[in-house]
Amino acid sequence: MKQAIDEYKQVEEKYSRFFSLSLDLLFIANFDGYFLDLNPAWTKILGWSTQELIGKLFIEFVHPEDREATLLAAQNVTNSIDAICFENRYLCRDGSYKWLSWNATPFLEEKLFYAVARDITLKKENEITLQNSIRDLEAFKFALNAHSLVAITDIKGRITYANDLFCEVSQYSREELLGQDHRIINSGYHSQEFFRKLWQTIAQGKIWKGEIKNKAKDGSFYWVDTLITPLLGSNGKPEQYVAIRTDITQRKLSELALLERSRLSILSAEVSLALSQSGTLPEILQHCTNTISQYLEVAFVCIWTFERQTNQLQLQAGVHCTDVTCNALSNTQDFPHHMVLANKFIGVMTNNHQAILNEEVRINNPQELLNATFSNFLFSAYPLIVEQQLIGIVALFSKQLFTEPTHNLLNWIANNIAVAIDRIWAREELLSRREALLLGLASQIRSSLDLDTILETAVNEIRSLLQVDRCYFLQYLPHSSQPRLAITHEARKHNLPTMLGNIPLQNNDFLRETLVSQELVCIDDINRESQIDQNMQALLSEFDITSWLLLPVKSHSEEFGAIVCSHCSGERIWSNSDIGLLQAVSDQLAIAIDHAQLYTQSRAATLAAQTHAEKLTEALYKLQQTQSQLIQHEKMSSLGQLVAGVAHEINNPVNFIHGNLTYANEYFQELLNLVQLYQEDYPNPTIKIQEFSEGIDLDFIIDDLSKILSSMKMGTNRIREIVLSLRNFSRLDEAEKKLVNIHEGIENTLLILHHRWKDNGHGIGISFIKEYGNLPLVDCYPGQLNQVFMNILTNAIDALEESTFNKKIDNKQLTIDKPQIRISTELDNNFVLIRIADNGYGMTEEVITRLFDPFFTTKPVGKGTGLGLSISYQIIVEKHSGTLKCLSEIGKGTEFFIKIPVK
């Protein structure tokens, strides 16, 4: 018995040690839920001592969120004979909770249950973290599939996975994409070098990021911001590639639209500038085509117009562009099919006046493309229309589709080109008619001395050219036996009464005084004019004259005359062009009157001096010389008045613009400072202000406006210099001798001839060597001396222009590579010596001996009169008591020596 008791005690001790040494939480509780016994692991794991838990309810320490499930598990324990497993969070002494996994077994006889709990906190937290990661990954996958184009390829680039958005944007089904590489969506926009670098990067296991332009199944293009990540294998080398793309098409389209708007704005400004420049029609249109090819991606751009006489199409300007350069079309050989192309569409445009946009061009006969070069290009054409009439077309071959803004701008450009062409044609026609009138009058002066015919022609041509109601010649003879005031020649509308005949001298003092004083009278509206007297008002009212222009004819006779134009149908604004034309005509008429009187005098002298043949010959020679001087004098007088008038008219507005540019620049700087202050005090503008600032490109405007003001100031300075030179050269107010700076006259002459000698595309690029000495002021006729400089320098430039071509003289082949003119001055005692030398071909001895003879010239017909050097010789020798010599030798150039006294 004792042995049995000892064995029982040993077993009891073993179980007691097992209970106390267990790493798991062990406890015994009754069915009411109170702790009866616990092992030490409770203190080690949860921190509670046995005394703190004994007699306490088991459920009090369960996490509130887990109590309901725990109570249900405890109820199952009391109602079952099997072990129950469950998990919950249990309170630790420090206030935290730990996850426990329970196994509870009931002992129904004693109404107790035994439970074992194991700490699974670390495992549970890992499970929760994993679940959260899976949930986040699912959310990321959803977001990625919803907003990104995802594709996975194998090591060779074949697509193994494509998400729905990739299929939607590319318009290919998943079945069409799988097994293909990305060449299926290649747009051709990027170069082979671009993709070579891409593959080189990802093949090294590096991430590649960039923007790619792709092509969808329907041929449309889309842009994606792409991230390609290699998936590396165990060997560290890529096994797959994951491409994640974001559709940025709208952003790129916005950027391209902004860039296009900026480019088109510059294009419109450049074309406007080109159309405002002076020059011939082909030059202006070529400038336009050059500008269009610079800002638009075109292969060809051409402008045709209808030839006005034959109504045939004529290629005015064109540009051919390659991937490298753009070159002007020099002739039809550069574009052999241009007429076929133009005629193909001209009939369509004639009927509907509509532009053609982005069409492929084919010729019906033969049935083939216009040229193999154009197979990938699109054709657009725009009609040039003036007053509902088609005058030409603008045609373009483009490499890409023209957008709507580009199409609208090209329509605008075509309209402006049409207006410019019409304006140039009108100006050319007007100038042609004016030149014809002046040439006709000059021809009659040279071929006839019939003053009536000349005056009749003048009034008719002037009326036709100026489109006035009436033009007549008014004459006043104060020194004849019977002084009279009369209208001698008239051109008028058929329904107007004639004004031919004498005008009573009584009560017409205004007309007599105006003719005697040789003043110009310009009246745009008689009803608003106060400078004429009542008698004159009555005379004009008698013939219903509402607008009146009187320009005196300044002859050297004792007669006074005037060209008069009048209007009878309301106000007429007499332009400077009208007045300039009448001034030129009046100068010709003055020459005609003087010429006729001189001829009359010469005839009288001839009849009175029959026996004096030699004297008569000399008199006729002097008469010719006087006539040539008079013609040249009147021409230079007219030119001087025109130059002075133009200089004066230009100077006023230029001074106004130049003076205000300084204030404009100051205002711009003040506004810029104000904007900068706003930016400093309000660094975060509203969205509306920010969008507007980005839209107008504020930084570009600030930078460019400053440059514009600077360039405008430089331009006005240049104009003022030219105007000053013109006024100094004309010297209308310096008819008498005065002290002048010789060097200033030479420089003014060179500035006026700048377009002849400067290498600017028109001149031949003559270099000037100036060796000016220290000269005092010279007492001379400055205007006449400037005329001498002008004649000699013009002849030198003409000689050098001719010398730029190979020429054979006396079996010598001569060529001038670097044309130059040397001007030197020095003081020789009381004389000023001026030498002007060129390195041209030179002249023969025979030419030198006749160089200063009147009407002798070596220039072609129409280019020289033979009077320039003759008049220059008289100005230097007779007017200034100086000498004018010329030294020249074939192949060694020509040198003129001018020597005049200082006083």
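My aim in this report is to walk through the structure given alongside it, one point at a time. A quick note: this is a predicted structure, and the numbers were derived from the prediction, not measured.

Analysis parameters
- Residues numbered from 1 in each chain as written.
- Predicted model: local features only at pLDDT ≥ 70, side-chain atom pairs only at ≥ 80, totals over all residues.
- Heavy atoms only, no water.
- Axes fitted to C-alpha atoms, helices over the stretch in contact; angles between N-to-C directions.
- Helix = DSSP H or I, 4+ residues; strand = E, 2+ residues; numbered from the N terminus.
- Parallel < 35°, antiparallel > 145°, perpendicular 65-115°, else oblique.
- Contact = heavy atoms within 4.5 Å.
- Nonpolar A, V, L, I, M, F, W, Y, C, P; charged D, E, K, R; others polar.
- Patch = residues over 30% accessible without salt bridge, like charges linked within 9 Å, V, L, I, M, F, W, Y side chains within 5 Å.
- Areas by Shrake-Rupley, 256 points an atom, 1.4 Å probe, with all protein chains shown as cover.
- Salt bridge = Lys/Arg side-chain N within 4 Å of Asp/Glu carboxyl O.
- Buried < 20%, exposed > 50% of the residue type's maximum accessible area, 1.4 Å probe, protein only.
- Arc of directions from axis to C-beta.
- Pairing = 2+ DSSP bridges.
- Phe/Tyr/Trp six-rings, centres within 6.5 Å; stacked < 30°, edge-to-face > 60°.
- Lys NZ or Arg CZ within 6 Å of the ring centre and 35° of its normal.
- Polar contact = N/O pair within 3.5 Å; in protein donor to acceptor, adjacent residues only side chain to side chain.
- Disulfide = S-S within 2.5 Å.
- Expected span 1.5 Å × (residues − 1).
- Core = buried A, V, L, I, M, F, W, Y, C linked by side-chain atoms within 4.5 Å.

### Digging into the packing of helix H9 (residues 249-276) against helix H10 (residues 281-295)
- At a minimum axis distance of 9 Å, the contact between H9 and H10 shows a crossing angle of 170 degrees. Classed by the angle they form, the pair H9 and H10 counts as roughly antiparallel. Contact with H9, carried on its side by Arg263, Ile266, Leu267, Glu270, Val271, Ala274 and Leu275, involves Ile284, His287, Cys288, Thr291, Ile292 and Tyr295 of H10 and no other residues of that element.
- Of the residues in the contact of H9 with H10, the class split is 9 nonpolar, 2 polar and 2 charged.

### Topic: a nonpolar patch on the surface
- Where nonpolar side chains cluster on the molecular surface, the patch consists of Ile657, Phe692, Ile696, Phe700, Ile701, Leu705, Ile708 and Met712 and spans about 660 Å² of accessible area.
- Listed by contribution, the elements that provide at least two residues to the nonpolar patch are helix H18 (687-696) and helix H19 (698-730).
- A total of 5 residues in the nonpolar patch trace back to one element, the largest contributor, which is H19.

### Examining helix H14 (residues 509-517)
- Along H14, the residues that are buried comprise Phe510, Leu511, Thr514 and Leu515. Projected down its long axis, H14 carries its buried residues within an arc of 125 degrees, all on one side.

### Quick notes on the sheet that holds strand E18 (residues 389-398)
- Taken together, the 6 strands give an open sheet; going across it, the order is E13-E12-E11-E18-E17-E14, and neighbouring strands pair in antiparallel fashion. Lying at the two open borders of the sheet, with one neighbouring strand each, are strand E13 (326-328) and strand E14 (356-359). Taken over all neighbouring pairs, the strand axes of this sheet differ in orientation by 15 degrees on average, direction set aside.
- The pairing of strand E12 (residues 313-321) with E13 spans 3 bridges and is classified as antiparallel. Looking at E13, one finds that His320 is bridged to Asn327.
- Helix-sheet contacts for H10 involve strand E11 (298-306), E12, E13 and E18, and the interaxial angle to E12 is about 35 degrees.

### A closer look at the pairing of strand E31 (residues 831-838)
- Among the 8 residues that make up E31, 6 are buried, leaving the element largely enclosed by the rest of the structure.
- Two strands pair when backbone bridges link them, and strand E30 (residues 820-828) and E31 are joined in this way by 8 bridges, in the antiparallel orientation. Pairing of Ile823 across the sheet is with Ile836, part of E31.
- Between E30 and E31, which pair antiparallel in sequence order, lie 2 residues; one of them, Asn829, sits at a positive phi of approximately 55 degrees.

### Section: the packing of aromatic side chains
- Under the definition given, this model contains 21 aromatic pairs.
- A ring pair is formed by Phe27 and Phe58, whose centres lie 5.5 Å apart and whose planes are at 15 degrees; its orientation type is stacked. Taken together, the residues Phe27 in strand E1 (residues 25-30) and Phe58 in the loop between helix H3 (50-53) and helix H4 (67-78) connect sequence positions 31 residues apart.
- Using a relative accessible area of 2% as the deciding quantity, one classes Phe27 as buried.
- Between Phe61 and Tyr90, the aromatic rings sit 6.0 Å apart at their centres with planes inclined by 25 degrees, giving stacked as the arrangement. Pair noted here: Phe61 is in the loop between H3 and H4 and Tyr90 is in strand E3 (residues 84-91), with a separation of 29 residues, a long-range link.
- Grouping aromatic residues by their ring pairs yields a cluster made of Phe27, Phe35, Trp42, Trp48, Phe58, Phe61, Phe86, Tyr90 and Trp102.
- Lying across the ring of Phe166, Arg245 places its NZ or CZ 5.2 Å from the centre.

### A closer look at the sheet that holds E31
- The 5 strands are arranged E26-E30-E31-E33-E32 in an open sheet whose pairing can be described as mixed. Edge strands, defined here as strands with exactly one partner in the open sheet, are strand E26 (767-771) and strand E32 (883-888). The mean angle between the axes of side-by-side strands here comes to 15 degrees, regardless of whether they run parallel or antiparallel.
- Packing against the sheet, helix H22 (residues 782-803) makes contact with E26, E30, E31, E32 and strand E33 (894-901), and its axis sits at approximately 145 degrees to E30.
- In the packing of helix H24 (residues 868-879) onto the sheet, the strands contacted are E32 and E33, and the crossing angle to E32 comes to about 135 degrees.

### Some details on the pattern of salt bridges
- In total, this model carries 21 salt bridges according to the counting rule given.
- Asp24 is the salt-bridge partner of Arg118, the closest N and O atoms lying 2.9 Å from each other. Taken as a pair, Arg118 in strand E5 (residues 112-119) and Asp24 in the loop between helix H1 (2-21) and E1 lie far apart in primary sequence, 94 residues in all.
- For the salt bridge of Arg251 with Glu211, the shortest nitrogen-to-oxygen distance reads 2.2 Å. You can see Arg251 sitting in helix H9 and its partner Glu211 sitting in strand E8 (residues 208-215), a full 40 residues away along the chain.

### Details of the environment of His880
- Turning to its location among the elements, His880 is positioned in the loop between H24 and E32.
- Of the residues examined, His880 reaches a relative accessible area of 4% and is grouped as buried.
- In this structure, the C-alpha to C-alpha distance between His880 and Gln784, residues 96 residues apart in sequence, is 9.9 Å.
- Excluding residues that lie within four positions of it along the chain, His880 makes contacts with Cys780, Tyr781, Ile875, Ile900 and Pro901.
- Looking at His880, its side chain comes within polar contact range of the main-chain nitrogen of Tyr781, at 3.1 Å.

### Some details on the state of the cysteines
- Scanning the model with the defined rule gives 1 disulfide in all.
- With no disulfide partner, Cys471 has as its closest neighbouring cysteine sulfur the one in Cys565, 3.9 Å distant.
- Look at Cys471 and you get buried, because its relative accessible area is 0%.

### Some remarks on helix H13 (residues 451-466)
- Here H13 spans 22 Å end to end across 16 residues, near enough to the 22 Å set by a 1.5 Å rise per residue.
- Among all positions of H13, only Ile454, Leu455, Ala458, Val459, Ile462, Leu465 and Leu466 are buried. Projected down its long axis, H13 shows its buried positions confined to an angular sector of 140 degrees, all on one face.
- Backbone geometry just downstream of H13 places Gln467 in the positive-phi region, at approximately 55 degrees.

### Focus on the side chain of Gln316
- Looking at the element boundaries, Gln316 is found in strand E12.
- The class of Gln316 is buried, set by a relative accessible area of 15%.
- Side chain to side chain, Gln316 and Thr305 meet in a polar contact 2.9 Å long.
- Filtering out sequence-adjacent residues up to four positions away, Gln316 remains in contact with Leu281, Pro282, Leu285, Ile303, Trp304 and Thr305.

### Regarding the environment of Ser173
- Tracing the backbone through its elements, the reader meets Ser173 in the loop between helix H6 (164-170) and helix H7 (174-177).
- On the basis of relative accessibility, which here comes to 29%, the residue Ser173 falls in the partly exposed class.
- Along the sequence, Ser173 and Lys217 sit 44 residues apart, while their C-alpha atoms lie 9.9 Å from each other.

### Observations concerning the nonpolar core
- Judged by nonpolar contacts, the single largest core of 40 residues is most densely connected at Ile821 and Ile898.
- With 9 residues, the single largest contributor to this core is H22.
- Beyond its immediate stretch of four places on either side in the chain, Ile898 contacts Val788, Phe789, Ile792, Val832, Leu833, Ile834, Ile876, Thr883 and Leu884.
- Judged by nonpolar contacts, the second largest core, of 35 residues, contains Leu275, Ile292, Tyr382 and Leu384.

What is shown is where atoms sit, not what they do.
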